[in-house]
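# Fold and geometry: a report
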Amino acid sequence: MTDTELLHYITTRDPDEAEALFAEARKVRERYYGNAVYFRGLIEFTNYCKNDCFYCGIRASNKNVGRYRLSVEQILQCCTLGNILGYKTFVLQGGEDPFFTDERIVEIVTAIRREYPNHAITLSIGEKERKSYEMFFEAGANRYLLRHETADNAHYAAMHPASMSLAHRKQCLFTLKEIGYQVGAGFMVGTPFQTPETLLEDLRFLEELKPAMVGIGPFIPAAGTPFGEEAQGSLEQTLRMVALSRILLPKALIPATTALGTISSQGRERGLMAGANVVMPNLSPKAVRKHYSLYDNKICTGDEAAECRLCMEGRIRSFGFIPDMRRGDAAV
Ligand code: SAH
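First things first, this report covers the structure right here in the doc. Throughout, a residue's number is its position along its own chain's written sequence, starting from 1. Only residues with pLDDT of at least 70 are given local features in this predicted model, and only at 80 or more are side-chain atom pairs given and counted; all residues enter the totals for whole chains, interfaces and linings. The side-chain figures draw on all heavy atoms in the structure; neither hydrogens nor water molecules are used.

## Observations regarding the pattern of salt bridges
What makes a salt bridge here is a side-chain nitrogen of Lys or Arg within 4 Å of a carboxyl oxygen of Asp or Glu, nothing more. Counted by the stated rule, this structure contains 19 salt bridges. One salt bridge in this structure joins Arg-169 and Glu-149, with 3.5 Å as the shortest N-O distance. Remark: Glu-149 occurs in the loop between β5 (143–145) and α6 (153–159) and Arg-169 occurs in helix α7 (residues 166–179); sequence separation between them is 20 residues. The pair formed by Arg-169 and Glu-149 is uniform in burial state, with each residue classed as buried. Residue Arg-270 pairs with Glu-236 through a salt bridge whose shortest N-O separation is 2.8 Å. In this pair, Arg-270 sits in helix α11 (residues 267–273) while Glu-236 sits in helix α9 (residues 235–248), placing the two residues 34 residues apart along the sequence. Numbered from the N terminus, helices here are DSSP runs of H or I no shorter than four residues, and strands are runs of E no shorter than two. Residue exposure (1.4 Å probe, protein chains only): buried if accessible area is under 20% of the type maximum, exposed if over 50%, otherwise partly exposed.

Below, the structure written as structure tokens:
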């Protein structure tokens, strides 16, 4: 697609055009994945973070966050439960928490790998040195989620403190890919200072990186952050960005994100209808859920892991999709 065409779909307000775009995205998704929707068990193991991203509820300087860390035993208990519930992928996500040194991450990955030799282990713990990423990979991690957040330098600078840079984040993504990880990039829709042109850059960056996974969700304001009073991203535009990503990267694994489900009661289902093919129900202990508050009003914070698993299955089936508990690597 040309820049003009992409910009047209990024901005259109015509519901019929959007519906045609979603139909095309579904067709592309069906070619490689049929109607299957893969499940990933998400373990939010720490909400401590040394970074201060302007949009994020668990940023270092947000003093209103009740901070927590899971112990290695607690993380393994999440995996045990996840395995019983049928998950074949564990996603370990957290803030950039200095307590979790490379050695501690290696210990955790090694312990999970020992118990679950055939499961996929996904990390989502931010920007690290190449050596660290290599150690985690050696220990048995297979996938890494690191959204680029925005592919525009000025926009990136408007959302992050000066200590962070888009160049470094992009470098991390290419390094992860070189090491052999299945890599996930992605961005929020509707962040302050975002324009149709920066969204176009996001899509062009995805084409350049060719990640195995693409995470896209609406920006949702988080209390106690610099963007806490800003408007949330639109459901419709987020869905169009999911569809465009599917069309540009036909084989990508694209989650219908929790943020989509937070801004609309059937947001995740509509994500699947716009070309997504993954869901990431929560496996974190119920007691800590509400503290992993990336944004306000996050859904599913009061549910047990088993409830989330069943709830998602029902939602998926009601829209004609087939829950698929296999490991679900990217199609080749
Ligand atoms: N520390 C890890 C994990 C970050 S949290 C890392 O750096 O990758 C996972 C994702 O949540 C982020 O990449 C961001 O895109 C999203 N997120 C953070 N704050 C948000 C907000 N206010 N609204 C919507 N999504 C948000």
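Here the narrative resumes, following the displayed structure.
## Here's the deal with the environment of Gly-184
Tracing the sequence through the fold places Gly-184 in strand β6 (residues 182–189). Residue classification places Gly-184 among the buried positions, given a relative accessible area of 4%. Along the sequence, Gly-184 and Tyr-144 sit 40 residues apart, while their C-alpha atoms lie 6.1 Å from each other. Excluding residues that lie within four positions of it along the chain, Gly-184 makes contacts with Tyr-144, Leu-145, Leu-146, Arg-147, Leu-173 and Met-213. In what follows, residue pairs with any heavy atoms lying within 4.5 Å of each other are defined as contacts.

## Quick look at helix α5 (residues 130–139)
An α-helix turns once every 3.6 residues. As a result, residues three or four positions apart point the same way. Along α5, the residues classified as buried are Ser-132, Tyr-133, Phe-136 and Ala-139. The arc that holds the buried residues of α5, viewed along the axis, is 125°, so those residues lie on one side. Those residues of α5 that are exposed and angled more than 90 degrees off the buried face are Lys-131 and Glu-138. Against the buried residues of α5 lie α4 (102–115), β4 (120–124), β5 and α7. Phi turns positive one or two residues past the end of α5, at Gly-140, with a value near 125°. As used here, the arc is the angular range of directions from the helix axis to the C-beta atoms.

## Looking at the sheet that holds strand β1 (residues 36–39)
Spatially, three strands are ordered β8-β1-β9 in an open sheet, and the strand pairing comes out parallel. The two strands at the open ends of the sheet, each matched to only one other strand, are β8 (278–279) and β9 (322–324). Bridge analysis of β1 against β9 gives three bridges, and the strand direction is parallel. Bridged to Tyr-38 within β9 is Asp-324. At least two bridges found by DSSP between two strands are what make those strands a pair.

## Quick notes on the layout of surface pockets
In this model, the largest pocket occupies a volume close to 190 Å³. Of all the secondary-structure elements, those providing two or more residues to the lining of the largest pocket are α1 (3–11), α2 (15–33) and α9. With three residues, α9 is the largest single contributor of residues to the lining of the largest pocket. Gly is put with the polar residues, along with every residue not named as nonpolar or charged; the nonpolar set is Ala, Val, Leu, Ile, Met, Phe, Trp, Tyr, Cys and Pro, and the charged set is Asp, Glu, Lys and Arg. A class-by-class count of the residues in the lining of the largest pocket yields three nonpolar, four polar and four charged. The way it works is a 1 Å grid over only the protein atoms, where trapped points that fit a 1.4 Å probe form a cavity and open points with protein on both sides within 12 Å along at least five of seven lines form a pocket, and then any residue with an atom within 4 Å of a point lines it. Grid points are joined across faces, edges and corners, and a volume is the space filled by probe spheres set on the points.

## Quick notes on the site of the ligand
Residues are labelled near a given molecule or strand when at least one of their non-hydrogen atoms is within 4 Å of it. In the vicinity of the ligand, 17 residues are found, and the nearest of them are Tyr-55, Gly-94, Arg-147, Glu-149 and Ile-220. Any N or O atom pair separated by 3.5 Å or less is treated as a polar contact, with the protein-specific requirement of one donor-capable and one acceptor-capable atom, and with residues adjacent in sequence counted only for side-chain atom pairs. Here a nitrogen atom of the ligand sits 2.9 Å away from a polar atom, N or O, in the main chain of Gly-94. Backbone polar atom of Leu-294 to a nitrogen atom of the ligand: 3.4 Å apart, as the coordinates give it. Residue burial considers only the protein chains on display, and all accessible areas are found by Shrake-Rupley using a 1.4 Å probe. Burial of the ligand by the surrounding chains reaches 92%, relative to a free accessible area of 560 Å². Residues belonging to the shell around the ligand are distributed by class as follows: nine nonpolar, five polar and three charged.

## Comments concerning the packing of α2 against α9
Interhelical geometry of α2 versus α9 gives an angle of 40° and a closest axis separation of 9 Å. It follows from the interaxial angle that α2 and α9 lie oblique. The interaxial crossing formed by α2 with α9 has left-handed handedness. On α9, the residues that touch Ala-18, Leu-21, Phe-22, Glu-24, Ala-25, Val-28, Arg-29 and Tyr-33 of α2 are Glu-236, Leu-239, Arg-240, Ala-243, Leu-244, Arg-246 and Ile-247. Residue composition of the contact of α2 with α9, by class: 10 nonpolar, no polar and five charged. In this description, a line fitted to the C-alpha atoms serves as the axis of each element, helices being fitted only across the stretch in contact, and the angle between N-to-C directions of two axes falls anywhere from 0 to 180 degrees. Working rule for angles: under 35 degrees goes down as roughly parallel, over 145 as roughly antiparallel, 65 to 115 as roughly perpendicular, anything else as oblique. Helix crossings fall into two classes, left-handed where the near helix is turned counterclockwise from the far one by less than a right angle and right-handed where it is turned clockwise.

## Comments concerning empty space enclosed by the protein
Applying the stated criterion to the full structure yields two cavities of 30 Å³ or more. Size it by volume and the second largest cavity reaches roughly 40 Å³. Looking at the second largest cavity, the residues that line it are Phe-45, Thr-46, Gly-95, Glu-96, Asp-97, Phe-100, Ile-105, Ile-125 and Lys-128.

## Notes on unusual backbone geometry
Here Glu-149, not a glycine, exhibits a phi torsion of approximately 75°, which is positive. Despite not being glycine, Cys-300 shows a phi value in the positive range, around 70°. Structurally, Cys-300 can be placed in the loop between α12 (286–289) and α13 (305–318).

## As for the packing of α7 against helix α8 (residues 196–209)
The relative placement of two packed helices comes down to the angle between their axes together with the axis-to-axis distance. At a minimum axis distance of 11 Å, the contact between α7 and α8 shows a crossing angle of 25°. Regarding the angle of α7 to α8, the classification is roughly parallel. Crossing hand, α7 versus α8: right-handed. Contacts between α7 and α8 involve Lys-170, Leu-173, Phe-174 and Lys-177 on the former and, on the latter, Phe-205, Glu-208 and Leu-209. When the residues that make up the contact of α7 with α8 are grouped by side-chain class, the tally is four nonpolar, no polar and three charged.

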